[in-house]
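As a plain string of letters, each chain reads:
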Amino acid sequence: MAVCSTAAAALPTAGIHPLLASPGFSQLSSLRSLHVASFRLPVAGIGRLTAFPRRRLLPRIAAKKQAFSSFDELLEKSDKPVLVDFYATWCGPCQLMGPILEQVSEKLKDKIQVVKIDTEKYTNIADRYQVEALPTFIIFRDGKPFDRFEGAMTANLLIERIEAALKVNQ
């Protein structure tokens, strides 16, 4: 809905905002929210006015892809415990965990193997381990789950959690 500035100026202004006094206000009040695009203003005459928010570039994650005939084979053939991150592409916290898992994988590369499972593509695996919240992390040892936790966390907190689980279950 657009409000004409001349029509709004012609309305009585006894302490009432022109938009509130407009005849179309009843239509506006029935909306749940009103979204307004954000604008960046030019600094000292440099740049231009734009309605597009600044894009944030995320680093590419170098993943080591391995082929296994089944998830069970991956778990059984691993010589160290496996941290499995159950995620979905539409899950915001899951996407934030990508770079964090890369840090964790690098720091704990001698202690644990990190694997990501897309719950949208592999629903049978997610169902088997009753994944209901995302992200869900399950640590497997000898092909069997022995620790499980959910939710996004910092790299240091995730490392502490994994190391504590590995010490307790040794």
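Residues numbered from 1 in each chain as written. Predicted model: local features only at pLDDT ≥ 70, side-chain atom pairs only at ≥ 80, totals over all residues. Heavy atoms only, no water.

J.: Would you mind showing me how to read the pattern of salt bridges here?
T.: Where charged atoms of side chains with opposite charge meet at close range, the side chains can pair. One pass over the structure, following the stated rule, counts seven salt bridges. Here Asp85 makes a salt bridge to Lys116, at a shortest N to O gap of 2.8 Å. In this pair, Asp85 is assigned in strand E1 (residues 82-87) and Lys116 in strand E2 (residues 113-118), connecting sequence segments 31 residues apart. Among the residues examined, Asp85 registers a relative accessible area of 0% and is labelled buried. Residue Glu106 pairs with Lys109 through a salt bridge whose shortest N-O separation is 3.2 Å. (Salt bridge = Lys/Arg side-chain N within 4 Å of Asp/Glu carboxyl O. Helix = DSSP H or I, 4+ residues; strand = E, 2+ residues; numbered from the N terminus. Buried < 20%, exposed > 50% of the residue type's maximum accessible area, 1.4 Å probe, protein only.)

J.: Would you explain the pairing of strand E3 (residues 136-141) in this entry?
T.: With five of six residues buried, E3 is to be regarded as a mostly interior element. Taken together, the five bridges between E1 and E3 define a ladder with antiparallel strand orientation. Along E3, the bridge assignment pairs Phe86 with Thr136. Note: E3 against strand E4 (residues 144-150), six bridges, orientation antiparallel. When the bridges of E4 are listed, Phe137 appears paired with Phe149. (Pairing = 2+ DSSP bridges.)

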